[in-house]
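The chain contents come next:
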Amino acid sequence: MKIILIYLFAFVVLISCNKKEEKQDAFFSDNLSHEVLKYQKKNPIPNKELYGMFIYEISFLKQKDTLLTITVSPTGIRSKDSYGIYKNKITLPSYVIDSQNIGKKFIKVYKKDSLESYILEGRPPHIDLIYPIYKYKIHRDKLILIDSLR
């Protein structure tokens, strides 16, 4: 009986360690992470070999309201004042545009690494794919979907 309890305790400890490791690997708040993953699932990037510059773009803006947009940039990173690359086992390569630091409630870590491989030098290629832009209104710590534009 003691052996079974020891094995059960060891199993619980291992599971809890894995969950802590996944939480530490999270870059975004749960709210933003959920929306980014939902967008990435509905709008997959085509074959990586052919479309190497495709990256998910998360942009915070302040206009009339505070807004967040999520889309795919087929021509790499548009702004050299960006943050990223956000990528792990679950999140596909993404970057953040947040020049006014609006997203500080949603971004846990502002990363500035590995951007070079996604910055397009020269003229962008012609690409026929059009990805939707999801627009969210930011209300306190919540993201409220306003529209999906194509």
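Parameters and conventions
Residues numbered from 1 in each chain as written. Predicted model: local features only at pLDDT ≥ 70, side-chain atom pairs only at ≥ 80, totals over all residues. Heavy atoms only, no water. Salt bridge = Lys/Arg side-chain N within 4 Å of Asp/Glu carboxyl O. Helix = DSSP H or I, 4+ residues; strand = E, 2+ residues; numbered from the N terminus. Buried < 20%, exposed > 50% of the residue type's maximum accessible area, 1.4 Å probe, protein only. Phe/Tyr/Trp six-rings, centres within 6.5 Å; stacked < 30°, edge-to-face > 60°. Lys NZ or Arg CZ within 6 Å of the ring centre and 35° of its normal. Core = buried A, V, L, I, M, F, W, Y, C linked by side-chain atoms within 4.5 Å.

Colleague: Please clarify how the pattern of salt bridges should be interpreted in this entry.
Modeller: Opposite charge on two side chains allows them to pair when their charged atoms are near. Using the criterion set out here, one finds two salt bridges in the structure. Residue E35 pairs with K38 through a salt bridge whose shortest N-O separation is 3.2 Å. Note that E35 and K38 are positioned in helix α2 (residues 30-42) at a spacing of three residues, about one turn of the helix. E35 gets classed as buried once you look at its relative accessible area, which sits at 8%.

Colleague: When you look at the packing of aromatic side chains in this model, what are you seeing that I'm missing?
Modeller: When we look at a pair of aromatic rings, we describe it by the centre distance and by the angle of the planes. Within the structure shown, the criterion is met by eight aromatic pairs. Here the aromatic rings of F28 and Y86 are separated by 5.0 Å at their centres, their planes lie at 50°, and the arrangement is tilted. Of this pair, F28 sits in the loop between α1 (2-24) and α2 while Y86 sits in strand β3 (residues 83-86), and the two are 58 residues apart along the sequence. Comparing F28 with Y86 shows no difference in burial state: the two are buried. Taking the centre distance of 6.0 Å and the plane angle of 75° together, the rings of F54 and Y131 count as edge-to-face. In this pair, F54 is assigned in the loop between α2 and β1 (55-62) and Y131 in the loop between β4 (94-97) and β5 (133-139), connecting sequence segments 77 residues apart. You'll find F54 and Y131 in the same group, each marked buried. Members of the aromatic cluster, connected to one another through ring pairs, are F27, F28 and Y86. It is K112 that lies over the ring of Y83; its NZ or CZ is 5.3 Å from the centre.

Colleague: Mind showing me how you'd approach the nonpolar core here?
Modeller: One recurring pattern in soluble globular proteins is that nonpolar side chains are buried together. Among the nonpolar cores identified, the biggest contains 22 residues, and F28, L32, I58, F60 and L68 are the most heavily contacted of them. Elements that contribute at least two residues to this core include exactly α2, β1, β2 (66-73) and β5. Listed in part, the eight residues of the second largest apolar core include I55, I77, I85 and I119.

Everything listed is a geometric property; what it means functionally is a separate question.
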